[in-house]
Amino acid sequence: MAGPSQTPQAQERIGYISRIQCFSACHRLHSIHLSDEENKRVYGKCNNPNGHGHNYKVEVTVRGKIDRLTGMVMNLTDLKKCIEDVIMTPLDHKNLDKDVPYFANVVSTTENVAVYIWDNMAKALPPNLLYEIKIHETDKNVVVYRGE
């Protein structure tokens, strides 16, 4: 019987790990490229001039080789730190339209929030590790973005 040091080269394994984080923020769906009337028609009550808020739930998923020595795709402590820097610090308890420069000219839809998070997580993580950003805006509304 072969011992651990005599085990043949194991096939490379790919794993997915996700971390879930919640943040609260407010926003107003309003495009500078549309008239006030068009904004009201397109966004309805979400175009309220005083905005509205959400308790967002974000799932960040990374995909990569399971390291043969550590047994990890990546250290969850490192992923947690990236999420803190990219999501929590800039977005939690913020007015997305007024406090986050990215949304000065980009409508703060959940789709665009997912793109914002993707772009910044991709910079913070090792290359080609980020797989998916999934945002639960409400219990019934979910957006998935995979960098496409």
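Described below are features of the structure shown in this document. (Residues numbered from 1 in each chain as written. Predicted model: local features only at pLDDT ≥ 70, side-chain atom pairs only at ≥ 80, totals over all residues. Heavy atoms only, no water.)

## Considerations on the packing of aromatic side chains
Given two aromatic rings, their pairing is described by the distance between the two centres and the angle made by the two planes. Counting across every chain of the model gives six aromatic pairs. Their ring planes at 55° and their centres at 5.2 Å tell us that tyrosine 102 and tyrosine 116 sit as a pair that is tilted. Of the two residues, tyrosine 102 is situated in the loop between α3 (96-99) and α4 (110-124) and tyrosine 116 in helix α4; the sequence distance between them amounts to 14 residues. Aromatic side chains tryptophan 118 and tyrosine 145 sit 5.7 Å apart centroid to centroid with 90° between the ring planes, which places their arrangement in the edge-to-face category. Residue tryptophan 118 is located in helix α4, and its partner tyrosine 145 is located in strand β5 (residues 142-145); the two are separated by 27 residues in the primary sequence. Each member of the pair, tryptophan 118 as well as tyrosine 145, carries the same accessibility label: buried. An aromatic cluster is present here, built from Tyr102, Phe103 and Tyr116 joined pairwise through their rings. (Phe/Tyr/Trp six-rings, centres within 6.5 Å; stacked < 30°, edge-to-face > 60°. Helix = DSSP H or I, 4+ residues; strand = E, 2+ residues; numbered from the N terminus. Buried < 20%, exposed > 50% of the residue type's maximum accessible area, 1.4 Å probe, protein only.)

## Things to note about unusual backbone geometry
The backbone phi angle of histidine 93 is positive, close to 55°, even though this residue is not glycine. With respect to the helices, strands and loops of the structure, histidine 93 is situated in the loop between α2 (76-91) and β3 (94-95). Note on histidine 93: relative accessible area 66%, which makes it exposed. Located in the positive-phi region is asparagine 128, a residue other than glycine, with phi close to 60°. As for its position among the elements, asparagine 128 is in the loop between α4 and β4 (130-136).

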